Amino acid sequence: MPLFYNALEAAAHRLSIVPPMFDYFGAMGLHALVAAARTGIFDALRERPSTGGELAAALNLEPHATGVLLRALAGLGYLRVSRGRYRLTRTARRWLTTGSPTSLLPGLAFWERTACVIWPGLEKAVRDGTPATPFYASLAADPELSRSFHAWTAAMAARQAPATARAVPVPRGARHVLDVGGGHGLFSLALLRRHPRLRATVIDLPDALETAASHPRLTPRAGSFLEDDLGTGYDVVLLFNIVHGLSDEEAALLLRRLAAALNPGGVLVVGDQFGDSRMPGRASRTLLRLLDLNYLVAVGGRVRGLEEVAGLLRAAGLHRIRHRRPLGSPTTELAVAWKPAHP
Ligand SMILES: C[S@@+](CC[C@H](N)C(=O)[O-])C[C@H]1O[C@@H](n2cnc3c(N)ncnc32)[C@H](O)[C@@H]1O
């Protein structure tokens, strides 16, 4: 959880009385979280509130170090302590325990890799504009990392998919959805649950489909959305968290291909973060800027503004572009565009 300053701390920061160490400490917070997850602290506390000594004995940890870690985690907002016993906060229970449907634990290897291997390439990326690694090629070469990345995207989607499915307009009589780079398939799955006559095809790279959701009306298809035949006859196209990873040329090419694959009167929905969105405060605005930097260093992509995405959609021949911001989907907003019913 990010640290929120009180007024005194904020003033000390603004007046430069304290050195600007919060970002340095932010990296330490990530490692504290990973250590707690890997040693089983979050899962053990889900079972029962415990003292540091009880946890250390149950998990075979060093008691003093365990106590230091627990106090740091309480400060970060993951634990609460009362009369020496630690218990999980709602945040930790929902996102950091194994049994939770939105558990981020399987994605921690990917987070660590991002922080420790990919981000040190930022200086190079800023000097010459190239990402640290060809991201998806590095996933294909490292099955454990690939599983971790896709588990993390699935955890994020699991929380947001029902809200986005309610916001996706499905044309009357629609039959077939194409979920482009849909990986885990959870956005399609939520749509299928709302619309019993729909079926979906999820196209993604082979490693992404290994853990794809299973449903009788959902067909995973291995292939590249930039190079392989996409088929035709779709009524709904989902393009979720894809555009931010593409260059301008790739985005324009993909949108043209998708517009051609849509039936007249069909709908294409871009789900992504938009740089010109209204944000509730400075922290969320700054997180969006950091995400932009992350896309730059990791995949050579970027956060685009809604207007820019709308321009790309119009250039692909789509129209009636609308912005939707589903409640319950804090990190994926929608740009909805229609293919004209009559050419
Ligand atoms: C950021 S994830 C988004 C996954 C999902 N749509 C979501 O929003 O949670 C990007 C996905 O695009 C897939 N992908 C990247 N390049 C691709 C390509 N050329 N062809 C097909 N899929 C690709 C990745 O494997 C990954 O599953």
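Calculation rules
- Residues numbered from 1 in each chain as written.
- Predicted model: local features only at pLDDT ≥ 70, side-chain atom pairs only at ≥ 80, totals over all residues.
- Heavy atoms only, no water.
- Domains from an automatic or database assignment.
- Salt bridge = Lys/Arg side-chain N within 4 Å of Asp/Glu carboxyl O.
- Helix = DSSP H or I, 4+ residues; strand = E, 2+ residues; numbered from the N terminus.
- Buried < 20%, exposed > 50% of the residue type's maximum accessible area, 1.4 Å probe, protein only.
- Pairing = 2+ DSSP bridges.

## Looking at the domain arrangement of the protein chain
And step 1. According to the domain assignment, the protein chain consists of domain 1 (7-100) and domain 2 (116-338).
And step 2. Measuring from the centre of the C-alpha atoms in domain 1 to the corresponding centre in domain 2 gives 33 Å.

## Quick word on the pattern of salt bridges
And step 1. By the definition in use, this model includes 11 salt bridges.
And step 2. With a closest N to O distance of 2.7 Å, R304 and D248 form a salt bridge. A residue pair is termed long-range when its members are at least 10 positions apart, and R304 in the loop between α14 (282-299) and α15 (306-315) and D248 in helix α13 (residues 248-261) qualify at 56 residues.
And step 3. By relative accessible area, R304 is classed as buried at 3%.
And step 4. The salt bridge partner of R325 is E333, with a shortest N-O separation of 3.5 Å.
And step 5. Among the ionic contacts, a cluster of salt bridges with common partners joins D248, R302, R304 and E308.

## Thoughts on the pairing of strand β7 (residues 262-272)
And step 1. A large share of β7 lies buried, amounting to 8 of its 11 residues.
And step 2. When strand β6 (residues 234-240) meets β7, the two strands line up parallel, connected through 6 bridges. The residue bridging L238 from the neighbouring strand is V269, located in β7.
And step 3. With 6 bridges joining them, β7 and strand β9 (residues 333-338) adopt antiparallel strand pairing. Of the residues in β9, the one forming a bridge with V270 is A335.

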